[in-house]
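Results of the structural survey
The primary structure of each chain is shown beneath.
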Amino acid sequence: MEMMILGILAPQMHCEWRLPSYQVALITSVVFIGMGASSSLWGNICDKYGRRFGLMISMGWTLFYGLLSAFAPVYGWLLFLRGLVGFGIGGAPQSVTLYSEFLPMKTRGICIMVIGLFWALGAIFEVVLAILVMPTLGWRWLLGLSTIPMVIFLILCLWLPESARFDVLRGKREKAMATLRRIAKENGKAMPQGRLIANQQNVRGRMRDLFTPQYLSTTILLWFLWFACTFSYYGIILLTTELLQDGDECGVTQGAKTEPTCSMECKYLSSADYKEFLWTAFAEFPGLLITLVMVDYIGRKKSLALCFIMYSLSILPLYACIGRITVTVFIFIARAFIAAGYQVVYIYTPEVFPTETRALAIGTCCMMSRLGALLTPFVAQVMLRTSVYLTLSLYCGCCLLAAGMSLCLPIETLGRGLQESSLQQARARATPRTDLSNDRTHSTAQQ
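Summarised in this report is the structure supplied together with it. (Residues numbered from 1 in each chain as written. Predicted model: local features only at pLDDT ≥ 70, side-chain atom pairs only at ≥ 80, totals over all residues. Heavy atoms only, no water.)

The next thing to look at is the overall build of the protein. Of regular secondary structure, the protein possesses 20 helices and 0 strands. For the protein, restricting intrachain contacts to residue pairs at least 6 apart in sequence, the fraction spanning at least 24 positions comes to 84%. Summing over all exposed atoms, the protein offers an accessible surface of approximately 18200 Å²; the carbon and sulfur share of this is 68%. (Helix = DSSP H or I, 4+ residues; strand = E, 2+ residues; numbered from the N terminus. Contact = heavy atoms within 4.5 Å. Areas by Shrake-Rupley, 256 points an atom, 1.4 Å probe, with all protein chains shown as cover.)

Right, let's talk about the packing of aromatic side chains for a bit. On inspection of all chains with the given rule, the structure shows 18 aromatic pairs. Look at Trp77 and Phe80: their rings are 5.8 Å apart centre to centre, the planes differ by 80°, and that puts the pair in the edge-to-face class. Separated by 3 residues within a single helix, Trp77 and Phe80 lie in helix 4 (residues 75–89), roughly one turn from each other. Judged by centre distance (6.4 Å) and plane angle (85°), the ring pair of Trp226 and Tyr342 falls under edge-to-face. (Phe/Tyr/Trp six-rings, centres within 6.5 Å; stacked < 30°, edge-to-face > 60°.)

Let us now look at the nonpolar core. Formed by 101 residues in total, the largest nonpolar core has its most connected members in Ile27, Leu222, Ile236 and Phe308. Counting residues per element, this core draws most heavily on helix 11 (residues 216–245), which supplies 16 residues. Residues Leu98, Phe102, Ala176 and Leu180 belong to the second largest nonpolar core, which totals 8 residues. (Core = buried A, V, L, I, M, F, W, Y, C linked by side-chain atoms within 4.5 Å. Buried < 20%, exposed > 50% of the residue type's maximum accessible area, 1.4 Å probe, protein only.)

This part takes up the pattern of salt bridges. Per the counting criterion, the structure on display carries 5 salt bridges. Glu186 is the salt-bridge partner of Arg182, the closest N and O atoms lying 3.2 Å from each other. Of this pair, Arg182 and Glu186 both sit in helix 10 (residues 173–186), separated by 4 residues, roughly a single helical turn. Given the relative accessible area of 29%, Arg182 is considered partly exposed. Linked by salt bridges that have partners in common, Asp47, Arg51, Glu101 and Arg358 make up one network. (Salt bridge = Lys/Arg side-chain N within 4 Å of Asp/Glu carboxyl O.)

Before going further, it helps to spend a moment on the environment of Ile89. By the secondary structure assignment, Ile89 is in helix 4. Sequence separation between Ile89 and Gly36 is 53 residues, and the spatial gap between their C-alpha atoms is 9.6 Å.

Before going further, it helps to examine a nonpolar patch on the surface. Taken together, the side chains of Val114, Leu117, Phe118 and Leu121 define a hydrophobic patch exposed on the protein surface, amounting to about 340 Å² of accessible area. The topology assignment puts Leu117 in helix 6 (residues 108–133). Overall, Leu117 belongs to the partly exposed group, its relative accessible area being 31%. (Patch = residues over 30% accessible without salt bridge, like charges linked within 9 Å, V, L, I, M, F, W, Y side chains within 5 Å.)

The next thing to look at is the packing of helix 16 (residues 324–352) against helix 17 (residues 355–382). Relative orientation of the contacting elements helix 16 and helix 17 amounts to 150°, with a least axis distance of 9 Å. The segment helix 16 lies against helix 17, with Tyr342, Tyr346, Thr349 and Pro350 engaging Arg358, Ile362, Cys365, Cys366 and Arg370. Of the residues assigned to the contact of helix 16 with helix 17, the class counts are 6 nonpolar, 1 polar and 2 charged. (Axes fitted to C-alpha atoms, helices over the stretch in contact; angles between N-to-C directions. Nonpolar A, V, L, I, M, F, W, Y, C, P; charged D, E, K, R; others polar.)

Now for the side chain of Ser406. On the secondary structure map, Ser406 appears in helix 18 (residues 388–407). Look past the residues within four positions of Ser406 in its chain and what remains in contact with it is Leu225, Lys301, Leu304, Ala305 and Phe308.

Position of Val114 among the secondary structure elements: in helix 6. Separated by 229 residues in sequence, Val114 and Gln343 have C-alpha atoms that sit 9.4 Å apart.

Time to look at helix 3 (residues 51–69). Between the first and last C-alpha of helix 3 there are 27 Å, a value that for 19 residues agrees with the 27 Å anticipated at 1.5 Å per step. Listed in full, the buried residues belonging to helix 3 are Arg51, Gly54, Leu55, Ser58, Met59, Thr62, Leu63, Tyr65, Gly66 and Ser69. (Expected span 1.5 Å × (residues − 1).)

Our next topic: helix 15 (residues 300–315). Between its first and last C-alpha, helix 15 extends 23 Å over 16 residues, near the 22 Å set by a 1.5 Å rise per residue. Where helix 15 is concerned, the buried positions are Arg300, Lys301, Ser303, Leu304, Ala305, Cys307, Phe308, Tyr311, Ser312, Ser314 and Ile315.

One can describe the packing of helix 6 onto helix 16 by two numbers: an axis separation of 10 Å at closest approach and a directional angle of 135°. Accordingly, the angle class assigned to the pair helix 6 and helix 16 is oblique. Where helix 6 crosses over helix 16, the two elements pack in a sense that is right-handed. Contact residues: Arg108, Gly109, Ile112, Met113, Gly116, Trp119 and Ala123 in helix 6; Arg335, Tyr342, Gln343, Tyr346, Ile347, Pro350 and Glu351 in helix 16. Across the contact of helix 6 with helix 16, the residue classes break down as 8 nonpolar, 3 polar and 3 charged. (Parallel < 35°, antiparallel > 145°, perpendicular 65-115°, else oblique. Left-handed = near helix turned anticlockwise from the far one by under 90°.)

As structure tokens, this is what we get:
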């Protein structure tokens with residue numbers, strides 16, 4: 001929802017406050033500065049104090065400053081408050097950490113993709129809300145009403161349990177057992193026989209654990225892949241606004257986009273622009289289907305590489321002078337594949353790191369991804385006005401490099417159980433396992 005807000009807000013601020021393109025880009029970038037600054041912090045909090053606790057604090061923070069930003073009187077205040085909104089949103093990816101730790105191995109990939117469904121619904125909700133609100137009430141009401149989902153989430157947190165894996169790791173075995181009994185009861189299943197055994201970890205969430213020889217190459221490769229996903233995904237959303245606003249003018253794809261010099265030349269989003277926005281938002285659903293077909297058949301690494309390659313191929317036709325409908329079709333295809341890639345990297349990351357550093361790993365990956373999101377407005381909204389060819393080439397080149405790096409990841413996590421600690425993973429590599437894993441316990445309780 002946040003990215004759709006920024007895509008919709010940019011032309012409005014450009015015209016209403018007569019902002020040059022770099023100041024419009026800063027409205028987008030400051031959100032990602034906040035996300036990048038806080039992502040590893042939220043990951044550390046979730047690894048030390050609990051996944052549920054970190055999520056509730058981050059979403060409460062986002063709700064508060066999201067409402068305040070609707071009352072921003074001037075440009076400077078809007079930048080400051082949206083930056084604080086981004087700081088809170090930096091904790092949102094920890095929902096994947098919490099969710100993945102409840103899932104059995106055989107359905108983990110598919111279940112995590114369900115989160116992508118709500119990502120798509122959020123984007124569509126934001127566009128529909130803008131269609132209803134922007135023509136009559138304006139952008140302030142749009143920002144205020146966009147906080148409604150966070151209110152709903154905080155209410156539902158009264159029902160949300162803490163991760164049983166996390167409780168076991170910090171020595172709270174009875175609390176973990178109570179959570180598992182609740183899961184079994186709600187699913188109409190009996191608890192499996194036996195005792196829940198895991199090594200207690202008093203030291204969790206240490207940054208240096210991500211750079212041990214066991215995880216060094218994985219960490220570095222994933223940092224770039226998250227960067228590429230976010231740089232390309234948010235880039236195509238911002239390009240949607242920029243390219244569609246110019247309609248069928250060939251100058252959009254053959255030269256440089258010009259900077260309006262007075263308010264009379266400003267272009268507010270029209271009803272046709274909102275409809276195109278809505279159509280491209282629906283690209284998230286084919287992206288989910290693509291992921292569903294690939295991820296459990298050809299594996300995580302090959303699926304991610306294929307998504308990056310197809311995104312680059314979909315960008316290539318935009319070099320030519322093509323009509324508005326054709327531009328929309330290729331943007332739709334590109335967004336579908338990069339959305340699929342985003343889902344794959346969200347599936348892979350919690351699978352490859354152990355419970356003791358999982359939240360921190362996702363947090364640092366998100367921090368690097370926000371660097372991509374921070375840079376992409378200056379490419380899609382500022383560089384585009386200098387050279388469309390260079391802009392498109394940057395997105396294509398970045399994704400082709402990411403495709404190659406996806407195949408270089410050292411571990412394929414398809415069919416691999418979640419690891420509780422790096423020591424457990426080292427033992428699993430050294431000797432075959434004969435005991436029942438926590439994945440089987442979770443699977444029996446939830447089936």
